[in-house]
Amino acid sequence: MTAQTTIAARNNRGSRTEGRSNDELKDIVFQVGAELELAPAEDIIEWAVATFGPRFCVTSSMGDAVLADLASKVAPGVDVVFLDTGYHFVETIGTRDAVAATLPVNLLTITPVQTVAEQDAEYGPELYKRDPDLCCKLRKVQPLAESLAGYDAWATGLRRAETHNRVIAPVVGWDEKKQKVKVSPLARWTDEEVEQYILDNGVLVNPLQYDGYPSIGCWPCTSRVAAGEDPRSGRWAGQNKTECGIHQ
């Protein structure tokens, strides 16, 4: 199932169930964070679904469908949130559509408040070149934060092996900026473990992964990476920027 979802509509749907207070959520992280650190990814997702119910969602950038596939097996019908920035490669949109068509998940596509044209009119064309941090804030960080208003916890595909900035990412932690429980079931997975899961389970992979794009973001800010280079060196190449801000 797939849906083009406005932030307001998603928040209204989420408000049907009452969420826990921030103190209660922090207590949950404190009580189980260390306990789940070495748990299998499936067990981590199962715990999150049992603990938060409909106030738990999975996010995916559609570089691959590993996390969505895992979650769909544990909790068919789980919400999978995808941010359509308006700058995605067609391959990324195609991967999203394939995930929606083949996995038993409720795929929600979230869009920024402004279209690309509206943003250009207010800030000028190609904001991503002049102020990439602001562009990411407007098209990624703010839309995600607002779309998560109806949830207590969100799962990411964050892995420590991807970049040094993510080495200390906990499996279950507290996202202070978003005031949510942040779950990273794949945090301890190596590149080899991801590849093996994809092979064993026939998981959908963005075709750009096989065309020199090991880390895929918006097309204006993503370039091919040569063999042996840091997989994320193709993101914001030539700029003093390594993250969009979602995980900071």
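Here we summarise the structure given alongside this text.

Rules used throughout
- Residues numbered from 1 in each chain as written.
- Predicted model: local features only at pLDDT ≥ 70, side-chain atom pairs only at ≥ 80, totals over all residues.
- Heavy atoms only, no water.
- Helix = DSSP H or I, 4+ residues; strand = E, 2+ residues; numbered from the N terminus.
- Contact = heavy atoms within 4.5 Å.
- Salt bridge = Lys/Arg side-chain N within 4 Å of Asp/Glu carboxyl O.
- Buried < 20%, exposed > 50% of the residue type's maximum accessible area, 1.4 Å probe, protein only.
- Phe/Tyr/Trp six-rings, centres within 6.5 Å; stacked < 30°, edge-to-face > 60°.
- Core = buried A, V, L, I, M, F, W, Y, C linked by side-chain atoms within 4.5 Å.
- Axes fitted to C-alpha atoms, helices over the stretch in contact; angles between N-to-C directions.
- Parallel < 35°, antiparallel > 145°, perpendicular 65-115°, else oblique.
- Left-handed = near helix turned anticlockwise from the far one by under 90°.
- Nonpolar A, V, L, I, M, F, W, Y, C, P; charged D, E, K, R; others polar.

1. Considerations on the side chain of S184
By secondary structure assignment, the location of S184 is in the loop between β7 (180-183) and α9 (191-201). Apart from residues no more than four positions distant in its own chain, S184 is found in contact with T156, L158, P170 and V171.

2. Remarks on the pattern of salt bridges
Tallied over the full model, the rule gives eight salt bridges. Ionic pairing is found between D69 and K73, a salt bridge with its closest N-O pair at 3.2 Å. Here K73 and D69 lie together in helix α4 (residues 66-74), a separation of four residues that amounts to about one turn. Here D69 falls in the buried class, since its relative accessible area comes to 8%. The partner of D97 in a salt bridge is R96, and the shortest N-O contact between them spans 2.8 Å. The class of R96 is buried, set by a relative accessible area of 11%.

3. Some details on the packing of aromatic side chains
Here the structure, examined in full by the defined rule, presents six aromatic pairs. Judged by centre distance (5.7 Å) and plane angle (55 degrees), the rings of W189 and Y197 are tilted. Members of the aromatic cluster, joined through ring pairs, are Y87, Y128 and W219.

4. Topic: the nonpolar core
Grouped together as the largest cluster of nonpolar side chains are 44 residues, with contacts concentrated most on W47, F52, F56 and V66. It is helix α3 (residues 41-52) that provides the largest number of residues to this core, a total of six residues. Excluding residues within four positions of it along the chain, F52 makes contact with R20, L25, I28, W47, D152, A153 and V181. Judged by nonpolar contacts, the second largest core, of ten residues, contains V81, L148, W154 and I246.

5. As for the packing of α3 against α4
Relative to each other, α3 and α4 sit at 60 degrees, their axes nearing to 9 Å. Judged by the angle between their axes, α3 and α4 are oblique. Judged by the sense of rotation from one axis to the other, the crossing of α3 with α4 is right-handed. Counted together, A41, E42, I45 and E46 of α3 and L67, L70, A71 and V74 of α4 form the full contact between these two elements. Of the residues in the contact of α3 with α4, the class split is six nonpolar, no polar and two charged.

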